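Overview (structure and organization)
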Amino acid sequence: MGKGKKQKEWAIWLKIEMHVGTASIEGSGKGTGYVTTVLEDGRRVNTPVGIVRGKENGPVLYAQAAQHGMEINGVVAIEKMLQLLKPELLRGTFIGVPVANPLALVQRRPHYGLGPEEPYGNRPRLNMNRIWPGSPNGSEVERLAHNLWEQAVQKADYVIDLHSYERWSASCTIVSSKKKSLELAKAFGLRFISVSTNKKELELLEEPWKMISEAVEDMGASALVAELAGQWDIYPKSVKEGTRGIINVMKKLNMLDGEIISPPSYVYLGKDPCTRVSMDRDGLFLASVEPGDDVEKDQQIAKIIDMLNICEVDLRSPVRGIVYHLGPSGPNRDVQLPRMHPFLDKGSEVAVIYES
Ligand SMILES: [Zn+2]
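Just so you know, these numbers come straight off a predicted model, no measurement behind them.

Side note on the domain arrangement of the chain
Considered domain by domain, the chain is made up of domain 1 (3-252) and domain 2 (273-355). A separation of 33 Å is found between the C-alpha centroids of domain 1 and domain 2. Across the boundary between the two partners, domain 1 contributes 18 residues, which contact 20 residues of domain 2. Both sides together, the interface formed by domain 1 and domain 2 hides about 1600 Å², and carbon and sulfur atoms give 56% of it. Interface area lost by domain 1 to domain 2 is led by Glu117, Trp168 and Phe192, which between them contribute 43%. Viewed at the interface, domain 2 and domain 1 are joined by three salt bridges. Among the ionic pairs, Asp294 bridges to Arg191, the shortest N-O distance being 3.1 Å. Linking domain 1 with domain 2 are ten residue pairs in polar contact (both at pLDDT 80 or more). Along the lines of polarity and charge, the residues of the side of domain 1 that touches domain 2 split into ten nonpolar, two polar and six charged.

Below, the structure is given as structure tokens:
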């Protein structure tokens, strides 16, 4: 690009104002504010938003977390990004919404309005990640989503939506099979990638629901979802995976300088060969390695405390591979406390190991 053209672009960039709710940046800089949503009963909900606008033109990246109120690793990851990013080192704009669903976070539930220990899937209309792009006169979450969509998401070229699976599975990215989104997921740099292919089935539903990632792709932008392992608490390793992932994506998009930190290989969940390991007795399950760890064949991956015989028995990996899941595998273990208990029944699945 010629010097004159670049200077002209620079002059235009400085004049353009970026605003999301009450957060507003003219030219380059950093700022925070709120997107305000008025609920049907007149209550006002402020969704905090941060903007970092670089000194040079570039794409708009929108990142959000905590659509589900007990998935909070991403909240910290985005908060850290808003602290870390320096406008003078950035090309383009980063819009960060640490808590997309403040109502659910304050209630400490997956969805606003769910009962204690009630499963995610019980009342799908309460699930914020099923109703995008929301509605101005709809339910609480439809209104929250609508305002974020109108004021922030629509301005984005790329979207990162941070969630958290339970703590016994490794972090992973979930992405559609669209080439651009898949490239983004690979750049994010988590080892495990889940490529969703069920869009066709969804189209057959009478009332098709939409995740933010799907609504974003329908608008022509690219999106990825990252599940940063561990709910109900802040897991430092997962927070780091989140910040590293966002920085990696920004490097990929040429918003930041530097090398992308990639895993040694990618594992495609549900596609690559894996081995499932079950308990051969009742007992307390005590893990010796972590999800995401590489293990050798016959390596001890857990101990089972056999209470009947008062002894410890080693559980060994039948293959060389990468541990994806290690721990309880029953339904609703993400919301129900007894399901999180490490007493596991004989025959229950306790590990999923992808072969390497
Ligand atoms: Zn979630």
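After that view of the structure, there is still more to cover.
Observations concerning the packing of helix α2 (residues 73-84) against helix α8 (residues 236-252)
How two helices pack is summed up by the angle between their axes together with the distance between the axes. Two elements in contact, α2 and α8, have axes separated by 8 Å at closest approach and are oriented at 50°. Judged on the interaxial angle alone, α8 and α2 are oblique. The two elements α2 and α8 cross, and the hand of that crossing is right-handed. Taking contact as the criterion, the partners of Asn73, Val76, Ala77, Ile78, Lys80 and Met81 in α2 are, on α8, Ser238, Val239, Gly242, Thr243, Ile246, Ile247 and Met250. Of the residues in the contact of α2 with α8, the class split is eight nonpolar, four polar and one charged.

The rules we used
Residues numbered from 1 in each chain as written. Predicted model: local features only at pLDDT ≥ 70, side-chain atom pairs only at ≥ 80, totals over all residues. Heavy atoms only, no water. Domains from an automatic or database assignment. Contact = heavy atoms within 4.5 Å. Buried area = accessible area lost by both parts, 1.4 Å probe. Salt bridge = Lys/Arg side-chain N within 4 Å of Asp/Glu carboxyl O. Polar contact = N/O pair within 3.5 Å; in protein donor to acceptor, adjacent residues only side chain to side chain. Nonpolar A, V, L, I, M, F, W, Y, C, P; charged D, E, K, R; others polar. Axes fitted to C-alpha atoms, helices over the stretch in contact; angles between N-to-C directions. Helix = DSSP H or I, 4+ residues; strand = E, 2+ residues; numbered from the N terminus. Parallel < 35°, antiparallel > 145°, perpendicular 65-115°, else oblique. Left-handed = near helix turned anticlockwise from the far one by under 90°.

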